[in-house]
Amino acid sequence: MLTALTELTDGSPARAVQAALEEHLAGADRAWLHEALAEAQAAADAETAAEAGAAGRSLWTLPTWELRFAEAGRHCRPARGGPSGPSAQDLADAARVLLLHTVRAGHDTTSRLYTHGSAAERRAVLLALPHLSAHTPPASALALVEDALRTNDTRLVAAAVGPYAAEHLDQHAWRHAVLKCLFTGVPVDAVDGLAPRARGDAELARMLRDYAAERTAAGRPVPDDLHRVLALTADRDTADRPHVTAAPSEES
Amino acid sequence: MRIFDPHIHMTSRTTDDYEAMYAAGVRAVVEPSFWLGQPRTSPASFFDYFDALLGWEPFRASQYGIAHHCTLALNPKEANDPRCTPVLDALPRYLVKDSVVAVGEIGYDSMTPAEDTALAAQLQLAADHGLPALVHTPHRDKLAGLHRTVDVIRESDLPPERVLLDHLNETTVKAATDSGCWLGFSIYPDTKMDEDRMVAVIKDHGIEKVLVNSAADWGKSDPLKTRRVGDALLAAGFTEDDVDQVLWRNPVAFYGLSGRLRLDVTDCPEPLHEGNSILRGGE
Ligand SMILES: [Zn+2]
C-alpha cells in the first residue's frame, strides 16, 4: 500500500498517487490536500519555494507549503478505520511526498526539511529522494540517507534503504545498511535492489554468516531474512558480472 | 484503569519504566520540554532535544503501546540565559509539528524580567498556533509566583480555559481554581504532592478540570505515581468513573484543545518485533 501511494515519477503518475490518496480521505481533508498542493504548485511556479526564496528569509519563517508539509499528519487520516486500508502513516507519507514532488524540492529544501523535521517528515524526505533527482545534483542527498541509517528508528531506516540508497550508497555502506535492517527488524523487503546488489557479494555473505554465528552462539534465533539474503549472495550465476546499479566500490 | 500521564519526562526514563507503565494502565503520555539538569549553552542543543521529543521518544513509546505527544518551549530557568533565548525565534518552526499538543513548560522559576518576557512571548505563540499552554508554577515563593503567573495570563491573548497550571498544591489550588485555568498536580516524592494529600485535595475540591501527573524525570521520581493516585482514590470511595475522569478524560480534554491528539498507536511504525533494537537493548 505504501509503495502504491508513494510511487511516482515526474509527470502523470503524481496524479494517480493523488487520486489514490484522496480516495482514503474525508471531504475536509481532501480539501486541505487540494489547497496544500495548489500552494506548493504556486511556490514552484514563483520559484520562491526552494533555493531562491530561502535566501532572504529567516530560517524560522515557514513558507505556507512547508507549514502544510509539517501538518500533513493531522490532515491526512484514513476516513474509514479498519485493518485493510492504508495506515495513517501511509497517507501522511503520500501527502508529503506529493508536496515535495509538486514544489520540485531541490537540495537546500530537502536538507532543510530533513534537518528541522519530525521523524515523520524526515521519513517523507527520504521516500521522496528518488523522485527529486531532476532537481538535485547526483548523490547530493546521500548525507540524509547516511544520517537515517545511523538512527535506530525503524521508520527512518526502512525509508532510507529505498531506490536512492540502491543507486548511491557505496558497497560498504550498503552492506551495513542490510545488516542494520536485520539488526533492527526492518524487513529486507524494504531494501531496494536487494537481489542484484547482493548477488555474488562474498563480503556480505561473510558478514551474514558471522552475524548468524554470533546469534547462534548466544542461543538466539537467526532471522529468516538473514537466510534469504545469504541465499541471494550465493547466486554464483552472475557473480562475475558488475553490479547492476554500478555503485562505487568501497575503495573509491 | 486507563491512564494518561499529562506530564512526564520520558527522555530520562528507561524501557523498564515504559514496560511497568503499560502494565499499570498507562496508554498515553505528554512529555513537556524542560530543563535537563545540565544547563545548555546554545540553541542547537535545544533543537536536538526537540527532535528527540518529535522522533526518537515517540518511537520508543510506541514500542510499548503508549501514545507519546510533547509540548515545546524555552523553559523558565534557561530563559534567563542569553545564550539560549534565540530558541524563542525558532519555536514557530517546531510548534506546527503534528505531535505538539501545547506550548510548555513555560512559567516562572526565579521571577526575573527575562522570565516575564519569555512567558508573555510564549503565551502569545500558543495563541497564534491554536495551542493550549502548560504553565509550570515556581517551586520557590510559590503562591506569589502563582498570582504573578495568573496576572500575565490575564493580560495575554490566551484564555485561561486553554491554560494548565501545573505543580499545584494545597496552598495554590484555591487561587488557581479562581483563575479559570486547568489544574495540574505533580505526585513527586519529597518535593511536590503525594497520593494521600492528592486524595484530600480532590475530596475538598472535586475532580473538575483536575489533572494528575508523575512529572517523573531525572530526579527522584516515580512514573507509576498516576496509578498510585488512582488506587488511592478508589480506596477512598471514589468511583471508577471519577478515576477515569481524572486520569484519562481530563487530560484528553485539555490536550485535545490542540486538535492534534492521536491516541491510537495501532499504526505504530513496526509491530513489536523480537529483533527490534530497543526491545533487545540496542546495539
Ligand atoms: Zn516537568
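About the criteria used
- Residues numbered from 1 in each chain as written.
- Chains lettered and ligands numbered in written order.
- Predicted model: local features only at pLDDT ≥ 70, side-chain atom pairs only at ≥ 80, totals over all residues.
- Heavy atoms only, no water.
- Helix = DSSP H or I, 4+ residues; strand = E, 2+ residues; numbered from the N terminus.
- Rg over C-alpha atoms; globule rule 2.2 N^0.38 Å.
- Buried < 20%, exposed > 50% of the residue type's maximum accessible area, 1.4 Å probe, protein only.
- Contact = heavy atoms within 4.5 Å.
- Areas by Shrake-Rupley, 256 points an atom, 1.4 Å probe, with all protein chains shown as cover.
- Phe/Tyr/Trp six-rings, centres within 6.5 Å; stacked < 30°, edge-to-face > 60°.
- Salt bridge = Lys/Arg side-chain N within 4 Å of Asp/Glu carboxyl O.
- Domains from an automatic or database assignment.
- Buried area = accessible area lost by both parts, 1.4 Å probe.
- Polar contact = N/O pair within 3.5 Å; in protein donor to acceptor, adjacent residues only side chain to side chain.
- Pairing = 2+ DSSP bridges.
- Axes fitted to C-alpha atoms, helices over the stretch in contact; angles between N-to-C directions.

1. With respect to the overall build of chain B
Across its full length, chain B carries 11 helices and eight strands. A compact globule built from 283 residues would reach a C-alpha radius of gyration of about 19 Å, and chain B, at 18 Å, matches this within 12%. If one aligns the C-alpha atoms of chain B with their principal axes, the spans along those axes are about 50 × 50 × 35 Å. Classification of the 283 residues of chain B by burial places 60% in the buried group. A sequence separation of at least 24 residues applies to 74% of the contacts in chain B between residues at least 6 apart. Carbon and sulfur atoms make up 52% of the accessible area of chain B, which totals about 10,300 Å².

2. Some thoughts on the packing of aromatic side chains
All names here are of chain B. A full pass over the atoms with the stated rule returns 13 aromatic pairs over all chains. Ring geometry for Trp56 and Phe59: centres 5.5 Å apart, planes at 25°, overall stacked. Of the two residues, Trp56 and Phe59 both sit in helix α3 (residues 56-63), three residues apart, roughly one turn of that helix. A residue is classified by how much of its surface remains accessible, and Trp56, at 32% relative accessible area, is partly exposed.

3. Focus: the pattern of salt bridges
All names here are of chain B. Applying the stated criterion across every chain, the model contains 34 salt bridges over all chains. With its nearest N and O atoms 2.9 Å apart, the salt bridge here joins Asp81 to Arg83. Judged by relative accessible area, Arg83 falls into the partly exposed class, the value being 45%. Between Arg140 and Asp109 there is a salt bridge, with the nearest N and O atoms lying 3.4 Å from each other. Highlighted residues: Arg140 in the loop between β5 (133-136) and α6 (142-155) and Asp109 in the loop between β4 (100-107) and α5 (113-128), separated in sequence by 31 residues.

4. Describing the domain arrangement of chain A
All names here are of chain A. Taken as a whole, chain A is organised into domain 1 (1-136) and domain 2 (141-252). Across the contact, 12 residues belong to domain 1 and 12 residues belong to domain 2. Buried surface at the junction of domain 1 and domain 2, both sides included, amounts to about 1,100 Å², of which 74% is carbon and sulfur. For the domain 1 face of the interface with domain 2, the top three residues by lost area are Tyr114, Leu126 and Leu129, together amounting to 46%. At the surface where domain 1 touches domain 2, the tally comes to zero salt bridges. Taken together, domain 1 and domain 2 are joined by three residue pairs in polar contact (both at pLDDT 80 or more). Those elements giving two or more residues to the side of domain 1 that touches domain 2 turn out to be α7 (107-115) and α8 (119-128).

5. Some words on the sheet that holds strand β1 (residues 3-5) of chain B
Residue and element names in this part refer to chain B. Strand order in the open sheet formed by eight strands is β1-β2-β3-β4-β5-β6-β7-β8, with parallel pairing between adjacent strands. The open sheet has two free edges, formed respectively by β1 and β8 (210-213), since each of these has just one partner strand. The sheet shows a mean angle of 25° between the axes of neighbouring strands, direction not considered. Relative to β8, strand β7 (residues 182-186) is paired through four bridges, and the arrangement is parallel. Residue pairing in the sheet places Leu183 in a bridge with Val210 of β8. Contacting β2 (26-32), β3 (67-72) and β4, helix α2 (residues 43-54) crosses the sheet at an angle of about 150° to β3.

6. Quick word on the interface of chain B and chain A
At the junction of the two partners, chain B supplies 28 residues and chain A supplies 36 residues. In total, chain B and chain A occlude about 2,700 Å² of area from one another, counting both sides; carbon and sulfur atoms represent 48% of this. When the area that chain B buries against chain A is broken down by residue, the three leading residues are Arg93, Val96 and Asp98 of chain B, summing to 26%. Taken together, the links from chain B to chain A amount to six salt bridges. In this structure, the salt-bridge partner of Asp98 of chain B is Arg96 of chain A, at a minimum N-O distance of 2.8 Å. Inspection of the chain B/chain A interface yields 12 residue pairs in polar contact (both at pLDDT 80 or more). Looking at the side of chain B that touches chain A, the elements with two or more residues in it are α2, α3, α4 (87-95) and α11 (277-280) of chain B.

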